[in-house]
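# Chain and residue survey
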Amino acid sequence: MSTLPTLPDCGEPATTRIELYTADSLDACAYTCAAHARQVTAAIGGAGLEAYPSGLGFGVSRPCGHVYVYPTGALAAAPDHPRWCDRDGCRLRGRHRSRARQVDTNRSEAFPVGAGLVRALHPAAETMVHLSGAGAVVVLSIGQARVLRYRLAHLLDLAAVRRQP
């Protein structure tokens, strides 16, 4: 896991927003003035992060050196949460959970389906895949979910073969 480097913070009004990525995850945004933009981008790249400079949004005002770290990103200081956890009420629920991902085909479906990850707060708990839809919930181990992925791929291949004349 990468760590955020020390960035210049002159306090002048920022003119550039730099998005910081690890893997395919937006982890933070750094704000910088024109004088420090190149230096900040180089420091971020030197720390093993990907930097994508862009302009500031309308009405956004930040000082040079301001950094916002997303709470669900790899740079967040939350070692008691898995990276995928939404960090919303874990103690109340007694489990970590990811954001629900809808299985969306861009068409109306008879039953909407959602997928996500869950894990009990117990240190030895296993991460599980949580599927929901049509009033039913199915929770699978990661191993079962992996096998299901292959079974579904095979069934989809069979369905595609039958459609051909």
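Residues numbered from 1 in each chain as written. Predicted model: local features only at pLDDT ≥ 70, side-chain atom pairs only at ≥ 80, totals over all residues. Heavy atoms only, no water.

## Topic: the overall build of the chain
- A tally of regular secondary structure across the chain gives 3 helices and 9 strands.
- The secondary structure elements of the chain, listed N-terminal to C-terminal, are β-β-α-β-β-α-β-β-β-β-β-α.
- The C-alpha radius of gyration computed for the chain amounts to 21 Å, which surpasses the reference 15 Å derived for 165 residues by more than 25%, pointing to a less compact arrangement than a globule.
- Principal axes of the C-alpha set define a box for the chain whose edges measure 60 × 50 × 30 Å.
- Counting every position in the chain, which comprises 165 residues, the buried fraction comes to 26%.
- Of all intrachain contacts in the chain linking residues separated by at least 6 positions in sequence, the fraction that spans at least 24 positions is 47%. (Helix = DSSP H or I, 4+ residues; strand = E, 2+ residues; numbered from the N terminus. Rg over C-alpha atoms; globule rule 2.2 N^0.38 Å. Buried < 20%, exposed > 50% of the residue type's maximum accessible area, 1.4 Å probe, protein only. Contact = heavy atoms within 4.5 Å.)

## Considering the packing of aromatic side chains
- Under the defined criterion, the tally for this structure stands at 2 aromatic pairs.
- Seen in terms of ring centroids, tyrosine 21 and tyrosine 52 are 5.4 Å apart; in terms of plane orientation they differ by 85 degrees. Their pairing is edge-to-face. Highlighted residues: tyrosine 21 in strand β1 (residues 16-22) and tyrosine 52 in strand β3 (residues 50-55), separated in sequence by 31 residues.
- For the pair tyrosine 68 and tyrosine 70, a centre-to-centre distance of 4.9 Å together with 85 degrees between the ring planes defines the contact as edge-to-face.
- Taking the relative accessible area as the measure of exposure, tyrosine 70 reaches 24% and is therefore partly exposed.
- The aromatic ring of tyrosine 31 is capped on one face by arginine 62, whose charged end is 5.5 Å from the ring centroid. (Phe/Tyr/Trp six-rings, centres within 6.5 Å; stacked < 30°, edge-to-face > 60°. Lys NZ or Arg CZ within 6 Å of the ring centre and 35° of its normal.)

## So, the side chain of threonine 16
- The residue threonine 16 is located in strand β1 in this model.
- Residue threonine 16 is classed as buried on the basis of its relative accessible area, which comes to 13%.

## Points about helix α1 (residues 37-46)
- Along α1, the positions that sit buried rather than exposed are Ala37, Val40 and Ile44. Mapping the buried residues of α1 onto a view down its axis gives an arc of 65 degrees, with all of them on the same face. What points out from α1, more than 90 degrees from its buried face, is the exposed set Arg38, Ala42 and Gly46.
- Its buried side turned inward, α1 meets β1, β2 (25-32) and β3. (Arc of directions from axis to C-beta.)

## Some details on the environment of histidine 81
- Inspection of the secondary structure puts histidine 81 in the loop between β4 (67-69) and α2 (90-93).
- Considering only alpha carbons, one finds histidine 81 and histidine 96, 15 residues apart in sequence, at a separation of 7.2 Å.
- Histidine 81 has contacts with Arg87, Cys90 and His96, leaving out every residue within four places of it along the chain.

## Overview of the pairing of strand β7 (residues 113-120)
- Bridge count for strand β5 (residues 95-97) against β7 is 3 bridges, and the pairing is antiparallel. Note that in β7 the partner of histidine 96 across the bridge is arginine 119.
- By the bridge criterion, 2 bridges tie strand β6 (residues 101-102) to β7 in an arrangement that is antiparallel. Bridge pairing links arginine 101 to alanine 115 in β7.
- The pairing of β7 with strand β8 (residues 128-133) spans 6 bridges and is antiparallel. Counterpart to valine 113 in the pairing with β8 is glycine 133. (Pairing = 2+ DSSP bridges.)

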